[in-house]
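# Topology and contacts: notes
Here are the chains, one letter per residue:
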Amino acid sequence: MNRRLKDNITSRYITAANHMRPKQARRRIVAYVESYDDVLFWRTLLSLYEDDTRYFEVMLPSRTTLERGKRSVLTNLIDAGRVGYDLIACVDADYDYLIQGATEVSRRIIESPYVMHTYAYAIENLQCYAPSLHNVCVMVTLNDHALFDFNAFMTQYSEAIFPLFVWSIWHYRQSIYGQFTITEFNKLIDIGGFDLRHPEACIANIRAKVAKKTSWLRHRNPNAKDSYLAVKADLLRLGVTPQTTYLYVQGHHLFDKIVQPIVTKVCEQLIRERENEIRRQAVHSTQMRNELSCYSHSIQDIAQMLKKNTGYQQSEPFLRMRQRVEAYLRHEEKNGLATEQ
């Protein structure tokens with residue numbers, strides 16, 4: 001039995017099972033996600049819409065294979081007709097949202113009522129939401145000292161990379177992304193040797209790299225001014241601002257190469273502060289050793305705390321995600337009423 005037939009049978013089975021349920025039973029909606037790390041993220045969103053009439057079951061795209069990823073999710077869901085009635089796809093937007101239908105996958109992402117996406121590049125971007133990063137540091141270190149202004153840094157960082165980000169989207173919309181790849185873009189926006197005491201040096205270095213590259217791109221594309229400005233205006237319409245560009249760059253790069261290294265340096269300093277405080281306050285050496293040991297066992301893993309971070313729920317992309325889920329539910333409730341009549 002081929003995959004398409006299996007997927008249609010699965011969707012029909014779920015819909016049929018929902019129709020056969022007692023009137024007082026809750027409707028089951030299956031949500032396919034890309035990978036293990038996505039399960040908690042999408043459950044956090046979808047659980048907001050569970051009530052006595054419906055519930056969501058978040059699962060990987062296949063129970064019979066280890067196939068993962070966005071294409072697998074979309075293939076397993078969108079085949080024809082009403083395949084998605086009780087079956088939705090929950091995926092990272094990547095660049096597909098911002099290129100606005102320039103590819104088949106992009107069209108599926110933005111047009112299907114059964115595809116929920118992150119608006120931000122990926123779930124990692126939202127886990128790195130700047131206003132929530134101080135709380136992540138507290139979860140890791142149990143030290144509430146606001147040592148570093150994450151909001152100010154990520155705002156300045158975003159403003160520094162925004163002109164080059166527009167060029168990146170411009171190339172993808174022109175289908176000439178081979179001339180300026182995400183890989184090259186990521187190298188240019190790296191923070192390099194970040195110094196917690198002098199973050200402004202990092203921003204200045206990035207601004208210099210961006211200025212050099214944007215000048216080269218303008219020289220290479222002398223007739224692109226109007227189309228570049230059009231892309232810039234459209235990105236603003238879609239929710240990208242110079243202050244929040246970091247939410248739309250490649251998620252793994254942001255998480256691994258930018259935010260996690262900064263959070264690590266902040267946490268290391270906060271841990272030293274707490275340990276020095278214990279040494280000062282200890283009455284004797286035994287108490288000091290015991291307290292240091294107790295504190296050491298209370299420290300959490302930085303990457304895991306970032307992955308479990310849910311402080312993004314007031315971010316603009318997450319609020320848009322809620323609107324998309326609500327639109328889907330209204331659509332399905334309307335269809336359900338029409339069917340019953």
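Figured I'd write up the structure that's included with this text. On a predicted model such as this, the values are computed, not experimentally measured, just so you know.

## Quick word on the packing of aromatic side chains
Going through the model one piece at a time under the given rule, you end up with 18 aromatic pairs. Judged by centre distance (5.7 Å) and plane angle (50°), the ring pair of F148 and F153 falls under tilted. Of the two residues, F148 and F153, both sit in the buried class. By the ring-pair criterion, three or more aromatic residues cluster together here, those being Y95, Y121, F165, Y172, Y177, F180 and F185. K213 extends its terminal NZ or CZ atom over the ring of W216, reaching a point 4.1 Å from the ring centre.

## Points about the pairing of strand β2 (residues 54-59)
Relative to β2, strand β1 (residues 27-33) is paired through 6 bridges, and the arrangement is parallel. Paired with A31 across the two strands is V58, which belongs to β2. Handedness of the crossover joining β1 and β2 through helix α2 (residues 36-46): right-handed.

## What to know about the nonpolar core
Ranked by size, the top nonpolar core spans 89 residues in total, and within it W42, Y157 and F165 carry the most contacts. Top contributing element to this core by residue count: helix α7 (residues 150-173), with 14 residues. By size, the runner-up hydrophobic cluster in this structure holds 5 residues, among which are A89, V91, V105 and V115.

## Topic: the pattern of salt bridges
Inspection of every chain in the model, using the stated rule, returns 13 salt bridges. Between E104 and R108 there is a salt bridge, and its shortest N-O distance comes to 3.7 Å. One end of the pair is E104 and the other is R108, both in helix α4 (residues 104-111) and 4 residues apart, which spans about a single turn. Taking the relative accessible area as the measure of exposure, R108 reaches 27% and is therefore partly exposed. As a salt-bridge pair, E277 and R274 come within 2.6 Å of each other at their nearest N and O atoms. Of the two residues, E277 and R274 are both situated in helix α11 (residues 251-281); the distance of 3 residues between them amounts to about one turn of the helix. With a relative accessible area of 25%, E277 lands in the partly exposed category. Three or more residues are tied together by salt bridges with common partners; here these are E104, R107 and R108.

The rules behind the values
- Numbers given for residues are sequential positions, taken from 1 along each chain in its written order.
- Whole-chain, interface and lining totals are the exception, using all residues; otherwise, since this is a predicted model, local features are given only for residues with pLDDT of at least 70 and side-chain atom pairs are given and counted only at 80 or more.
- Excluded from the side-chain calculations are hydrogens and water; all other atoms, namely the structure's heavy atoms, are used.
- By convention, a stacked pair of Phe, Tyr or Trp rings (six-membered ring in the case of Trp) has centres within 6.5 Å and planes under 30 degrees apart, an edge-to-face pair has planes over 60 apart, and any other such pair is tilted.
- Each residue's exposure class comes from its accessible area (1.4 Å probe, protein chains only) as a fraction of the maximum for that residue type: buried when under 20%, exposed when over 50%, partly exposed otherwise.
- Any Lys NZ or Arg CZ found within 6 Å of a ring centre and within 35 degrees of that ring's normal is scored as a charge over the ring.
- DSSP-based pairing: two strands are paired if at least 2 bridges between them are found.
- Under the scheme used here, helices are H or I runs from DSSP no shorter than 4 residues and strands are E runs no shorter than 2 residues, and both carry numbers assigned from the N terminus.
- By convention, orient the strands away from the viewer: a clockwise path from the first strand over the helix to the second makes the crossover right-handed.
- What makes a nonpolar core is a set of buried Ala, Val, Leu, Ile, Met, Phe, Trp, Tyr and Cys residues whose side-chain atoms join them at distances within 4.5 Å.
- Each salt bridge in this description consists of a side-chain nitrogen of Lys or Arg and a carboxyl oxygen of Asp or Glu lying within 4 Å of one another.

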